[in-house]
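What follows is the residue order along each chain.
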Amino acid sequence: MTGMESPRDIRARIARGQWTKPTTGLAPAYAQANLVILDRRYAFDFLLFCVRNSKPCPILEVLEPGVTEPHATAPGADIRTNVPLYRVWRKGRLEQEATDITGCFDAGMVSFLLGCSFTFEASLTGAGVPVRNIEEGKNVSMYITNRKCASAGPFSAPLVVTMRPIPNDLVMRAVRITSRYSLAHGAPIQVGDPGSLGIRDLDRPDFGDPVTVKDGETPVFWACGVTSSLAVLSAEPELCITHAPGHMFITDVLNETLAAL
């Protein structure tokens, strides 16, 4: 699969089971999204959680109960088959990972698509800022922090962050570029001090893969949509479905349409 393929072509490959890996670096001009699917009776409280915590959980689209096509962000797509790897949870416990959730999805389920930091990676590389997870062919490093999100109803979670090592002289450039993408987590929440987030060892991420931090580089941390998955699990609903970390839904929305001028 190449970066020149359209989101529609990539989603078709995913639906056929031809791509089950993380989506970092795919369709670099187009926005990617986190996915949360849960029963409609939880939808308002989860929406409120996202509104109260818009940095890690920026809303791109909310589908009506039972709707499987994200009309606003990817017309013609199917939310049940177009993510490389899903996680199916029962009462807060992982039941299975799957590449197709058609058999789990029912008419009462509401789907949330939330912004993802993969969206701004192409802008970073285009401006000469290296993105190590792409260079090394890995999933991005993700860490659970000591910061608490604002709760809503049964939903609560610690903030999760992604980390990308940035050359010291390019840190401010990375901050300026990513701050334009408020619907993809925006500017970093912390630069250079993992300990202040409760992160003790960068080589041991909670999700994703460890990446190389070279001499002369600063670890930079952005809010992460996996926060939403932890929030859903805290409520222990009978059934919920999320993307596996790093395995995002690729939309038809151009990155630049999400960027502030």
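Structure's up top.
We now turn to the structure provided with this report. (Residues numbered from 1 in each chain as written. Predicted model: local features only at pLDDT ≥ 70, side-chain atom pairs only at ≥ 80, totals over all residues. Heavy atoms only, no water.)

1. Side note on the packing of aromatic side chains
Rules: Pairing of aromatic side chains here covers Phe, Tyr and the six-membered ring of Trp, requires ring centres within 6.5 Å, and sorts the geometry by plane angle: under 30 degrees stacked, over 60 edge-to-face, intermediate tilted. Runs of H or I in DSSP of at least four residues are treated as helices and runs of E of at least two as strands, each being numbered from the N terminus. Buried residues are those whose accessible area, probed at 1.4 Å on protein chains only, stays under 20% of the maximum for their type, while exposed residues exceed 50% and partly exposed ones sit between those limits.
A complete count under the given rule lists 6 aromatic pairs for this structure. Ring plane angle 75° and centroid distance 6.2 Å describe the contact between Tyr42 and Phe155, whose orientation is recorded as edge-to-face. Of this pair, Tyr42 sits in the loop between strand 1 (30-39) and helix 2 (43-52) while Phe155 sits in the loop between strand 6 (141-148) and strand 7 (158-167); the two residues are 113 residues apart in sequence, bridging distant segments of the chain. Look at Tyr42 and you get buried, because its relative accessible area is 16%. Given the relative accessible area of 0%, Phe155 is considered buried. Their ring planes at 45° and their centres at 5.4 Å tell us that Phe120 and Trp222 sit as a pair that is tilted. In this pair, Phe120 is assigned in helix 3 (residues 118-126) and Trp222 in strand 9 (residues 217-223), connecting sequence segments 102 residues apart.

2. Observations concerning the pattern of salt bridges
Note the following rule: What counts as a salt bridge is simple: a side-chain nitrogen of Lys or Arg found within 4 Å of a carboxyl oxygen of Asp or Glu.
Counting across every chain of the model gives 12 salt bridges. Between Arg41 and Asp39 there is a salt bridge; the shortest N-O distance is 3.1 Å. On the basis of relative accessible area, Arg41 is assigned to the exposed category, the value being 58%. Where Asp78 meets Arg80, a salt bridge forms, and the shortest distance between an N and an O atom there is 2.8 Å. You can call Asp78 buried: its relative accessible area is 18%. Overall, Arg80 belongs to the partly exposed group, its relative accessible area being 22%. One continuous salt-bridge network, built from bridges that share partners, spans Arg132, Glu135 and Glu217.

3. A word on helix 3
Heads up, the rule is: Contacts are assigned to residue pairs that have any heavy atoms within 4.5 Å of one another.
Taken together, the buried positions of helix 3 are Phe118, Thr119, Phe120, Glu121, Ser123 and Leu124. If you follow the buried residues of helix 3, they end up packed against strand 1, helix 4 (132-135), strand 7, helix 5 (171-178) and strand 9.

4. Considering the packing of helix 3 against helix 5
To keep things clear, this is the line we draw: Axis angles are defined between N-to-C directions and span 0 to 180 degrees, where every axis is a line fitted to C-alpha atoms and, for a helix, only to the segment in contact. Should an angle fall under 35 degrees it is called roughly parallel, over 145 degrees roughly antiparallel, and 65 to 115 degrees roughly perpendicular, with every other angle called oblique. A crossing counts as left-handed when the near helix is turned anticlockwise from the far one by less than a right angle, and as right-handed when that turn is clockwise.
Two numbers describe how helix 3 lies on helix 5: the axes approach to 10 Å, and their chain directions differ by 135°. Classified by the angle their axes make, helix 3 and helix 5 are oblique. Here helix 3 and helix 5 pass one another in a crossing that is right-handed. Contacts between helix 3 and helix 5 involve Phe120, Ser123 and Leu124 from the first element and Ala174, Ile177 and Thr178 from the second.

5. What about the sheet that holds strand 6?
Cut-off, in case you're wondering: In this scheme, strands are said to pair when DSSP sees at least two bridges between them.
An order of 6-7-9-8 is seen for the 4 strands of this open sheet, with the pairing classed as antiparallel. Only two strands of the sheet have a single neighbouring strand rather than two, namely strand 6 and strand 8 (190-191). For strand 6 and strand 7, the ladder comprises 5 bridges, and the chain directions are antiparallel. Of the residues in strand 7, the one forming a bridge with Ser141 is Met163. In the packing of helix 6 (residues 226-235) onto the sheet, the strands contacted are strand 6 and strand 7, and the crossing angle to strand 7 comes to about 160°.

6. What to know about the side chain of Thr162
Cut-off, in case you're wondering: Any pair of N or O atoms that falls within 3.5 Å is considered a polar contact. Within protein, one atom must be able to donate a hydrogen and the other to accept it, and sequence-neighbouring residues count only if both atoms are side-chain atoms.
Following the sequence through the fold, Thr162 ends up in strand 7. The buried category is assigned to Thr162, whose relative accessible area is 2%. Among the polar contacts made by the side chain of Thr162, one reaches the side chain of Arg164 at a distance of 2.9 Å. What Thr162 contacts, discounting residues up to four positions off in sequence, is Ser117, Val140, Ser141, Met142, Val220, Phe221, Trp222, Ala223 and Cys224.

7. So, a nonpolar patch on the surface
This is how the line gets drawn: Residues with no salt bridge and a relative accessible area higher than 30% make up the patches, which join like charges within 9 Å and nonpolar side chains (Val, Leu, Ile, Met, Phe, Trp, Tyr) within 5 Å. Here, Shrake-Rupley sampling with a 1.4 Å probe gives the accessible areas, and only protein chains in the shown set may cover a residue.
A cluster of nonpolar residues, Phe44, Leu47, Val51 and Val62, forms a patch on the protein surface that exposes about 360 Å² of accessible area. Here the element with the most residues in the nonpolar patch is helix 2; it accounts for 3 residues. With respect to the helices and strands, the residue Val51 is situated in helix 2. The exposure class of Val51 is exposed, given its relative accessible area of 53%.

8. Considerations on the side chain of Asn82
Secondary-structure assignment places Asn82 in the loop between strand 2 (59-62) and strand 3 (86-90). A polar side-chain atom of Asn82 sits 3.2 Å from a polar atom in the side chain of Thr81. Each residue touching Asn82, except ones within four places of it in the same chain, is listed here: Arg11, Ile14, Ala15, Ala77 and Phe249.

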